[in-house]
Amino acid sequence: MKTLKDSKVGDSVKVVKLHGQGAVKRRIMDMGLTKGVEVQIRKVAPLGDPMEVTVRGYELSIRKADAEMVEVEGL
């Protein structure tokens, strides 16, 4: 299983599944990370947290802990 956290800068991936439950899963979905959406990895902070991605045409910063709950596949 590959997660958003495992993706490298410059990768384009597609969301396959969201893990987690309750409020955490809802927050990830509210950020626009839903099943089937394409995500491009833009930047990763020097210490690896957070990472910046482009999703649905806007820039989003996401923590590693949240990125680990997003299962992806390469395009």
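Rules of the game
Residues numbered from 1 in each chain as written. Predicted model: local features only at pLDDT ≥ 70, side-chain atom pairs only at ≥ 80, totals over all residues. Heavy atoms only, no water. Helix = DSSP H or I, 4+ residues; strand = E, 2+ residues; numbered from the N terminus. Buried < 20%, exposed > 50% of the residue type's maximum accessible area, 1.4 Å probe, protein only. Salt bridge = Lys/Arg side-chain N within 4 Å of Asp/Glu carboxyl O. Core = buried A, V, L, I, M, F, W, Y, C linked by side-chain atoms within 4.5 Å. Contact = heavy atoms within 4.5 Å. Pairing = 2+ DSSP bridges.

**Remarks on the environment of L75**
Stage number 1. Positionally, L75 belongs in the segment after β6 (70–74).
Stage number 2. Judged by its relative accessible area of 61%, L75 falls in the exposed class.
Stage number 3. Taking the C-alpha atoms as reference, L75 lies 6.1 Å from S12; in sequence the two are 63 residues apart.

**Looking at the pattern of salt bridges**
Close approach of charged atoms lets side chains of opposite charge pair.
Stage number 1. Evaluation of the coordinates by the stated rule reveals five salt bridges.
Stage number 2. The salt bridge partner of D30 is R26, with a shortest N-O separation of 3.3 Å. Separated by four residues within a single helix, D30 and R26 lie in helix α1 (residues 22–30), roughly one turn from each other.
Stage number 3. Judged by its relative accessible area of 56%, D30 falls in the exposed class.
Stage number 4. Residue class for R26 comes out partly exposed when judged on its relative accessible area of 47%.
Stage number 5. For D66, the salt bridge is made with R63, and the minimal N-O distance between the two is 3.5 Å.
Stage number 6. On the basis of relative accessibility, which here comes to 45%, the residue R63 falls in the partly exposed class.

**Considering the nonpolar core**
Stage number 1. L4, V15, L33, V39, I62 and V70 are the most contacted members of the largest nonpolar core, which has 18 residues in total.
Stage number 2. Residue contacts for I62: discarding those within four places in its chain leaves L4, M31, L33, D49, P50, M51 and A67.

**Quick look at the pairing of strand β3 (residues 38–44)**
Stage number 1. Taken together, the three bridges between strand β2 (residues 12–18) and β3 define a ladder with antiparallel strand orientation. Note that in β3 the partner of V13 across the bridge is V39.
Stage number 2. Bridge count between β3 and strand β4 (residues 51–55): five bridges; the pairing is antiparallel. Across the sheet, the residue bridging to I41 is V53, located in β4.
Stage number 3. Between β3 and β4, which pair antiparallel one after the other, the connecting turn spans six residues, and G48 there sits at a positive phi close to 90 degrees.

**Describing the environment of M69**
Stage number 1. Along the polypeptide, M69 turns up in the loop between α2 (64–67) and β6.
Stage number 2. Through-space distance from the C-alpha of M69 to that of V24 is 9.3 Å; in sequence the pair is 45 residues apart.

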